[in-house]
Amino acid sequence: MSISQPFTTSSFALNGIRDDVRDIGASLIREVAHLGMGRDNIVPLWFGEPDQPTPEFIRKAAIAALEAGDTFYQPNRGITPLRDALADYGNRLYGTSLAAGNITVTVSGLNALMIAMQSILKAGDRLVTTAPIWPNIVAMPKVLGAHVATVPLRVGKAGDIGWQLDIDELITACTPDTRAILINSPNNPTGWVMPADNQKRLVEFATERGIWLIADEVYARLIYDGSEAAPSFVPYVTDDTRIMVINSFSKSWAMTGWRLGWITAPCGVGDQLEKLMEFNVSCPAGFVQQAGIAAVTQGEDFVAQSRAQYQRARAAIIERLRDMNRIHLPRADGAFYAFFRVEGVDDTLAFAKDLLLSEGIGLAPGEAFGPEGAGHIRACYAVSEDRIHKAMDGLAKFLKR
């Protein structure tokens, strides 16, 4: 066999990759971060990550498990003690009657989202979500060949400066071919929180239409109105609803590098998720799951302390940003981000890169979160107040140029 016009190795291989995978853009957040990683004197606020290490009592649980030889394969859906602990945790927060059968432990919240989508989406299906939105949420359905439609969050008018969703607009966007609705609340990047009455209405609509609801609630404990948790879809999870709620240990317990999450779903769904866990990652590591047990059974003080720290950092960054003439900062009720518009800036990727190289301040460009994020910048304030003020000093200096 002869080939008249030889391919280069890279082009021949690349042309064999599915178009819908090749068409997904690389992370713009990572593009900025890679420019700054390894540099000295950088204040990195680009990732959604606390700057404090995982608390000692959680680390010690993992160390004890390792020393006991907990290095073998585990059940696909997670060990029963952790699934029991997560069911109890949900019941304490929401007054529900969850059991281990409702819980599937995953290798991160990201893995939980992907497993959930793999279980219900096929090529050609439609998923409806809000925007601006964490870019991975839009990319994952596309990897599966599904289509994504976004409904914009908008800044309220007449003195209400927080982000809002028109629930009627969301429902109208659900055409007959819609297979799933995904709600991320508290939201990354805006901090928007879906009100409980809208959740109820959406559950009723989705159940009537047979549409799946995927709720990304990884920021559930990061709410600043005095509540223990944001309004949740967990209480609606029954065998008579099509709802999967995604959560993670990363944000509430400062465990981003551990890669541990879970899905709360109707009991019968778990057996199907178990198969997908086997085919994707086999199982979460045993010693990591022991750390997870420690987190949910002993971690309430840490969650409360972290939330109080973030609330102080939130107040500091709000005060500093609103003192800058070119900054427009809508109210955010949850998560740990300031998502603000910079007057006169259209290309926030270029802005973020220039700010990084000039002042050593690492922020995330709004374009990373879809067209609805254009003109905005995201700063993670899950860091010390000293870092907040250093970053704001650099930003203020940069804006005066």
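Above this text sits the structure in question.
A brief report on the enclosed structure follows. Quantities reported herein were computed from a predicted structural model and do not represent experimental measurements.

## Describing the sheet that holds strand β11 (residues 327-328)
Here is step 1 of the chain: Reading across from one edge, β11-β12-β15-β14 is the order of the four strands in this open sheet, with antiparallel pairing throughout. Because the sheet does not close on itself, it has two edges, and the strands there are β11 and β14 (364-365).
Here is step 2 of the chain: Note that β14 and strand β15 (residues 376-380) share two bridges and pair antiparallel. Looking across to β15, one finds that proline 365 is bridged to isoleucine 377.

## Things to note about a nonpolar patch on the surface
Here is step 1 of the chain: A cluster of nonpolar side chains, namely Leu14, Ile17 and Val21, defines an oily patch on the protein surface of about 230 Å² accessible area.
Here is step 2 of the chain: One can find leucine 14 in helix α1 (residues 9-14).

## Topic: the pattern of salt bridges
Here is step 1 of the chain: What the rule picks out here adds up to 18 salt bridges.
Here is step 2 of the chain: The partner of glutamate 204 in a salt bridge is lysine 200, and the shortest N-O contact between them spans 2.6 Å. On the criterion of helical spacing, the pair formed by glutamate 204 and lysine 200 is a turn pair, its members being four residues apart in helix α9 (residues 196-209).
Here is step 3 of the chain: Of the residues examined, glutamate 204 reaches a relative accessible area of 43% and is grouped as partly exposed.
Here is step 4 of the chain: Judged by relative accessible area, which is 41%, lysine 200 ranks as partly exposed.
Here is step 5 of the chain: Residue aspartate 393 is joined to arginine 320 by a salt bridge in which the shortest nitrogen-to-oxygen separation is 2.7 Å. Here the residue aspartate 393 occupies a position in helix α14 (residues 385-399), and arginine 320 occupies one in helix α12 (residues 300-322), the gap between them amounting to 73 residues.
Here is step 6 of the chain: Taking relative accessible area as the criterion, aspartate 393 reaches 44% and is therefore assigned partly exposed.
Here is step 7 of the chain: Each of the salt bridges in this network shares a partner with another, and the network as a whole consists of Arg221, Glu228, Glu300 and Arg307.

## Overview of the nonpolar core
Here is step 1 of the chain: Leu202, Phe233, Phe249 and Trp253 are the most contacted members of the largest nonpolar core, which has 66 residues in total.
Here is step 2 of the chain: The element contributing the most residues to this core is helix α5 (residues 80-94), with six residues.
Here is step 3 of the chain: What phenylalanine 233 contacts, discounting residues up to four positions off in sequence, is Ile183, Met194, Gln199, Leu202, Val203, Leu213, Ala215, Glu217, Ile243 and Val245.
Here is step 4 of the chain: If you look at the next biggest cluster of nonpolar residues, it comprises 38 residues, including Leu45, Phe336, Ile361 and Phe398.

## Section: unusual backbone geometry
Here is step 1 of the chain: The omega torsion of the bond from alanine 131 to proline 132 falls at 5 degrees, within 30 degrees of zero and hence cis.
Here is step 2 of the chain: Mapping proline 132 onto the fold places it in the loop between β3 (126-131) and α7 (135-143).
Here is step 3 of the chain: Cis geometry is adopted by the peptide bond preceding proline 189, which originates at asparagine 188 and carries an omega value of 25 degrees.
Here is step 4 of the chain: Its location among the elements puts proline 189 in the loop between β7 (178-184) and α9.
Here is step 5 of the chain: Despite not being glycine, alanine 335 shows a phi value in the positive range, around 65 degrees.
Here is step 6 of the chain: Judged by relative accessible area, which is 0%, alanine 335 ranks as buried.

## Observations regarding the pairing of β7
Here is step 1 of the chain: Most of β7 is tucked away: six of the seven residues are buried.
Here is step 2 of the chain: By the bridge criterion, four bridges tie β3 to β7 in an arrangement that is parallel. Among the inter-strand pairings, valine 128 is bridged to a residue of β7, identified as isoleucine 181.
Here is step 3 of the chain: Inspection of the sheet shows β7 paired to strand β8 (residues 212-216) by five bridges, in the parallel sense. If you follow leucine 182 over to β8, its bridge partner there is isoleucine 214.

## Let's talk about the environment of leucine 273
Here is step 1 of the chain: The residue leucine 273 is located in helix α10 (residues 267-280) in this model.
Here is step 2 of the chain: What makes leucine 273 buried here is its relative accessible area of 0%.
Here is step 3 of the chain: Between the C-alpha atoms of leucine 273 and isoleucine 115, which are 158 residues apart in sequence, the distance is 6.7 Å.
Here is step 4 of the chain: Aside from chain neighbours lying at most four places away, what touches leucine 273 is Thr104, Ile115, Ser119, Met244, Ile263 and Ala265.

## What about α12?
Here is step 1 of the chain: The end-to-end C-alpha distance of α12 is 32 Å, a good match for the 33 Å that 23 residues give at a rise of 1.5 Å each.
Here is step 2 of the chain: Turning to α12, its buried residues number three or more, namely Phe302, Val303, Ser306, Arg307, Tyr310, Ala313, Arg314, Ala316, Ile317, Arg320 and Leu321.
Here is step 3 of the chain: Where the residues of α12 are buried, they touch α4 (56-67), β11, β12 (337-342), β15 and α14.

Parameters at a glance
- Residues numbered from 1 in each chain as written.
- Predicted model: local features only at pLDDT ≥ 70, side-chain atom pairs only at ≥ 80, totals over all residues.
- Heavy atoms only, no water.
- Pairing = 2+ DSSP bridges.
- Helix = DSSP H or I, 4+ residues; strand = E, 2+ residues; numbered from the N terminus.
- Patch = residues over 30% accessible without salt bridge, like charges linked within 9 Å, V, L, I, M, F, W, Y side chains within 5 Å.
- Areas by Shrake-Rupley, 256 points an atom, 1.4 Å probe, with all protein chains shown as cover.
- Salt bridge = Lys/Arg side-chain N within 4 Å of Asp/Glu carboxyl O.
- Buried < 20%, exposed > 50% of the residue type's maximum accessible area, 1.4 Å probe, protein only.
- Core = buried A, V, L, I, M, F, W, Y, C linked by side-chain atoms within 4.5 Å.
- Contact = heavy atoms within 4.5 Å.
- Expected span 1.5 Å × (residues − 1).

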